[in-house]
Amino acid sequence: MPELPLNPPRTLTEAAAALRAGTVTSRQLTERSIATADRADPVLGVYLHRFDELALAAADTADAELATGVDRGPLHGVPFAVKDILAMADGPTTAQSVVLDPNWGAGKDAPVVARLKRAGAVITGKTSTMEFAIGMPDESKEFPVPRNPWDPATWPGGSSSGTGAGVAAGLFYAGIGTDTGGSIRIPAAFCGITGLMPTFGRVPKSGCVPLGYSLDHIGPMARSAEDCAAVLAVLAGPHPSDPDCLDAPFAAPAWRDDLAGLRVGVVRDAHFPPGSDPALAGAFETTVAELADAGASLAPVALPYQAEMVTANLLTLACEALAYHRADAQHRWTDYYPATRAMLARGALVSGADYVQAQRMRRVAQDALGRILDDFDVLVCPTTSVAAPELDGFLTGKRDLSSLFGYIHTGYWDSVGNPVIALPMGFTEAGMPLSVQLAGRPFDEARLLQIGQLLQRRTDWHLRRPALIAAELAA
């Protein structure tokens, strides 16, 4: 491994500070990221495309700029990765599918990628996903199967699988994920990192292969809430190519020393079903107690129209996915993975009236949730009720995503579009990560990040590393 200081940076925020203090160079960080990928990625399947030479050149540029006083912000010189459903001029976009036109997005950067480059991020490669962000793990085509660094026999979650696993394994400090039904927060939960789904319309989604036009979000995945704040400050803001993106630029928040005056609604209903991990309740109540100890006032609350919004998410996602894939599905049906075909087929079975009713219910739920958030500043609930599941069942076809329905609590929030951050909150008896969600009012990401950062100053769950990576760092 390339030589680094005795205590190398653990987070993007620490790396940014070390670069400016001169205790590390961008080239050192990037060389170590490459070396870690050389050793870990054959097992983990994080990358679809690596940009080693481009990344080293970008790192040298960052070092030269920082040496002459050119400072592009906290991402400048820091290894970073991009999910492979976002266009990037430096390489192909596949969406982990043989169906996508090889010329899709060729020679272009998605707006968020262009913003990362302007901020000086060192993009090390494009990360693996599930096919078109709706498939499931499958070995039948020439794409890597992403694995969880905490236990490579388990799934890292999806669909931002490679980004979640790569951050947890130390292949890069942060990355981009997308979230339509939980695809940022599920891998954040299963991989023990922090993931932020911004408000719908906060970040431009153009240049991203669509999944659900009215549901898609692009957001940061990193070790800490502070890291996610630094990334969101780069990604957020309007862009003329995305009519859904609003003129709501984001400023990184001032950090809090306590939560005095904060009103927290604690959501337990339907989040602890039979079969939940035995450690879940204790980890969640400990996190809730941390909020109270920091000065927040707590009260129980139920999510309005919870079952309806979970259904609306699945229905809307299937219909809008079919709208994008209809022509290819007619002519290249067998080129899709089976799980993708199943989702597209669900979309074909939904009537136009059902789709419209789902959208009406989304508006009703948004209004009802808005009234609850008049009384509470944030809501807190588990991200998932179980830890990362074994991969074998998915790969052998004995298990599909429906086996996790009821144990994943993310789709509600995609339906209503509010911002949500997922944070590590402990481990199962087997040593697998557990996660908590904080949800807030539209465009109130700053408050979520403030709370997340304070919790992470009081705990160290987000700094824990998988044993295989910890051993490599110790060596």
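Residues numbered from 1 in each chain as written. Predicted model: local features only at pLDDT ≥ 70, side-chain atom pairs only at ≥ 80, totals over all residues. Heavy atoms only, no water.

**Q** Help me understand a nonpolar patch on the surface, please; the structure alone is not making it clear to me.
**A** A cluster of nonpolar side chains, namely Val-310, Leu-314 and Phe-405, defines an oily patch on the protein surface of about 230 Å² accessible area. Within the fold, Leu-314 resides in helix H9 (residues 306-331). Look at Leu-314 and you get partly exposed, because its relative accessible area is 30%. (Patch = residues over 30% accessible without salt bridge, like charges linked within 9 Å, V, L, I, M, F, W, Y side chains within 5 Å. Areas by Shrake-Rupley, 256 points an atom, 1.4 Å probe, with all protein chains shown as cover. Salt bridge = Lys/Arg side-chain N within 4 Å of Asp/Glu carboxyl O. Helix = DSSP H or I, 4+ residues; strand = E, 2+ residues; numbered from the N terminus. Buried < 20%, exposed > 50% of the residue type's maximum accessible area, 1.4 Å probe, protein only.)

**Q** Can you help me understand the packing of helix H8 (residues 280-293) against helix H14 (residues 445-458) in this one?
**A** Any two packed helices are characterised by how steeply their axes cross, that is the angle between the axes, and by the distance between the axes. Running from N to C, H8 and H14 point in directions that differ by 105 degrees, and their axes come no closer than 11 Å. Taken together, the axes of H8 and H14 lie roughly perpendicular to each other. Note on element contacts: H14 touches H8 through Ile-451, Leu-455 and Arg-458, opposite Thr-287, Glu-290, Leu-291 and Asp-293. Of the residues in the contact of H8 with H14, the class split is three nonpolar, one polar and three charged. (Axes fitted to C-alpha atoms, helices over the stretch in contact; angles between N-to-C directions. Parallel < 35°, antiparallel > 145°, perpendicular 65-115°, else oblique. Contact = heavy atoms within 4.5 Å. Nonpolar A, V, L, I, M, F, W, Y, C, P; charged D, E, K, R; others polar.)

**Q** Explain the sheet that holds strand E3 (residues 122-127) here, please?
**A** Strands in a sheet are paired, the pairing made by backbone hydrogen bonds, and the direction either parallel or antiparallel. What the eleven strands build is an open sheet, ordered E1-E3-E2-E4-E6-E5-E10-E11-E9-E7-E8; its pairing is mixed. With one partner strand each, in any of the chains shown, strand E1 (47-50) and strand E8 (297-301) form the two edges of the open sheet. The mean angle between the axes of side-by-side strands here comes to 30 degrees, regardless of whether they run parallel or antiparallel. Strand direction decides the pairing type here: E1 and E3, joined by three bridges, are antiparallel. By the bridge assignment, His-49 is partnered in E3 with Lys-126. Here H14 sits on the sheet in contact with strand E5 (194-197), strand E9 (378-382), strand E10 (420-427) and strand E11 (433-440), set at roughly 15 degrees to E10. (Pairing = 2+ DSSP bridges.)

**Q** Which parts of the structure should I look at to understand the pattern of salt bridges?
**A** For side chains bearing opposite charge, pairing can occur when the charged atoms are close. In total, this model carries 25 salt bridges according to the counting rule given. The salt bridge partner of Arg-20 is Asp-71, with a shortest N-O separation of 2.7 Å. Residue Arg-20 is found in helix H1 (residues 12-21), and its partner Asp-71 is found in the loop between helix H3 (52-67) and strand E2 (79-83); the two are separated by 51 residues along the sequence. In this structure Arg-20 comes out as partly exposed when scored by relative accessible area, which is 36%. Note that Asp-60 is salt-bridged to Arg-27, the shortest N-O span being 2.8 Å. Here the residue Asp-60 occupies a position in helix H3, and Arg-27 occupies one in helix H2 (residues 26-44), the gap between them amounting to 33 residues.

**Q** So what exactly am I meant to see when it comes to the pairing of E5 here?
**A** The side-chain alternation of E5 yields two buried faces, one formed by Thr-194 and Leu-196 and the other by Gly-195 and Met-197. Where E5 meets strand E6 (residues 217-222), two bridges bridge the pair, whose relative direction is antiparallel. Within E6, the residue paired with Gly-195 across the bridge is Met-221. The pairing of E5 with E10 spans three bridges and is antiparallel. In the sheet register, Leu-196 faces E10, and the bridge partner there is Ile-421.

**Q** Mind showing me how you'd approach the nonpolar core here?
**A** The nonpolar side chains of soluble globular proteins are, as a tendency, buried together. By size, the foremost hydrophobic cluster in this structure holds 80 residues, and its most contacted members are Leu-75, Leu-86, Leu-116 and Val-380. The greatest single-element share of this core, amounting to eight residues, is contributed by helix H7 (residues 225-235). Among all residues touching Leu-116, those that are not within four sequence positions of it are Leu-75, Phe-80, Val-82, Ala-121, Ile-123, Ile-176, Val-234 and Leu-235. (Core = buried A, V, L, I, M, F, W, Y, C linked by side-chain atoms within 4.5 Å.)

**Q** Help me out: how do you make sense of the side chain of Thr-11 in this one?
**A** Mapping Thr-11 onto the fold places it in the segment before H1. Accessibility expressed as a relative area gives 6% for Thr-11, which makes it buried. Within polar-contact distance, the side chain of Thr-11 engages the backbone nitrogen of Glu-14 at 3.0 Å. Those residues in contact with Thr-11 that sit more than four places away from it in its chain are Tyr-173, Arg-223, Asp-227 and Leu-463. (Polar contact = N/O pair within 3.5 Å; in protein donor to acceptor, adjacent residues only side chain to side chain.)

**Q** Any chance you could explain unusual backbone geometry here in plain terms?
**A** Among all residues save glycine, negative phi is the norm, and among peptide bonds the norm is trans. For the bond from Gly-158 to Ser-159, the omega torsion is 10 degrees, close enough to zero to count as cis. Along the polypeptide, Ser-159 turns up in the loop between E3 and helix H5 (161-169). One non-glycine residue, Ala-95, lies in positive phi territory at about 55 degrees. Backbone geometry at Phe-443 places phi at a positive 65 degrees, although glycine is not the residue there. Within the element layout of this structure, Phe-443 appears in the loop between E11 and H14.

Any link to function would need more than the numbers given here.
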